[in-house]
Amino acid sequence: MQTIYVPRRYIRERQLTAQLSVHRSTLRRWVEQGLLPAPIQIGPRTVAWDVDEIEQWQAERAAASRKPG
């Protein structure tokens, strides 16, 4: 059996703010408050979010918003 490597996908701050329709200060505040997964340091001055983590976070928020009461 052969293992297939799937590379991680990352999204930068500008792309994520556009996708979520929020300001970058909102992203940073959500991270500080533990409401949004923290970004990953991918370079000396570069951070990005793991796309899979963001998709899971969005799915959880969507599911929570649909719960009655």
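Since the structure is predicted, the reported quantities are computational estimates derived from the model, not experimental observations.

A. Structural view of the sheet that holds strand β1 (residues 10-11). Read from one edge of the open sheet, three strands run β1-β3-β2, paired in antiparallel fashion. Of all strands in the sheet, those bounded by a partner on one side alone are β1 and β2 (40-43). Sheet strands touched by helix α3 (residues 51-65): β1 and β3 (46-50). Its angle to β3, the strand with the most contacts, is close to 50°.

B. Structural context of the nonpolar core. Counting residues in hydrophobic clusters, the biggest one holds eleven residues: I11, L16, L20, V22, L27, W30, L36, W49, V51, I54 and W57. Contributions of two or more residues to this core are made by α1 (13-20), α2 (24-32) and α3. For this core, the element with the most residues is α3, which contributes three residues. Contact partners of L36, with chain neighbours within four places excluded, come to L16, L27, W30, V31, W49, I54 and W57.

Definitions and limits used
Throughout, residues of each chain are indexed from 1 in the direction in which the sequence is written. pLDDT decides what is reported in this predicted model: residues at 70 or higher carry local features, side-chain atom pairs at 80 or more are listed and counted, and totals for whole chains, interfaces and linings draw on all residues regardless. Each side-chain value is worked out from all heavy atoms of the structure, with water and hydrogens disregarded. Paired strands, in this sense, are two strands between which DSSP finds at least two bridges. For helices the rule is a DSSP run of H or I covering at least 4 residues; for strands it is a run of E covering at least 2, with both sets numbered from the N terminus onward. Residue contacts are defined here by distance: any two heavy atoms, one from each residue, within 4.5 Å place the two residues in contact. Orientation is described by lines fitted to C-alpha atoms, with helices fitted over the stretch in contact, and by angles between N-to-C directions that extend from 0 to 180 degrees. Buried Ala, Val, Leu, Ile, Met, Phe, Trp, Tyr and Cys residues that are joined via side-chain atoms within 4.5 Å together make up what is termed a nonpolar core. Partly exposed residues are those whose accessible area sits between 20% and 50% of the maximum for their type, while under 20% is buried and over 50% is exposed, using a 1.4 Å probe and protein chains only.

Interpretation note: all reported values are geometric properties and have no functional meaning in isolation.
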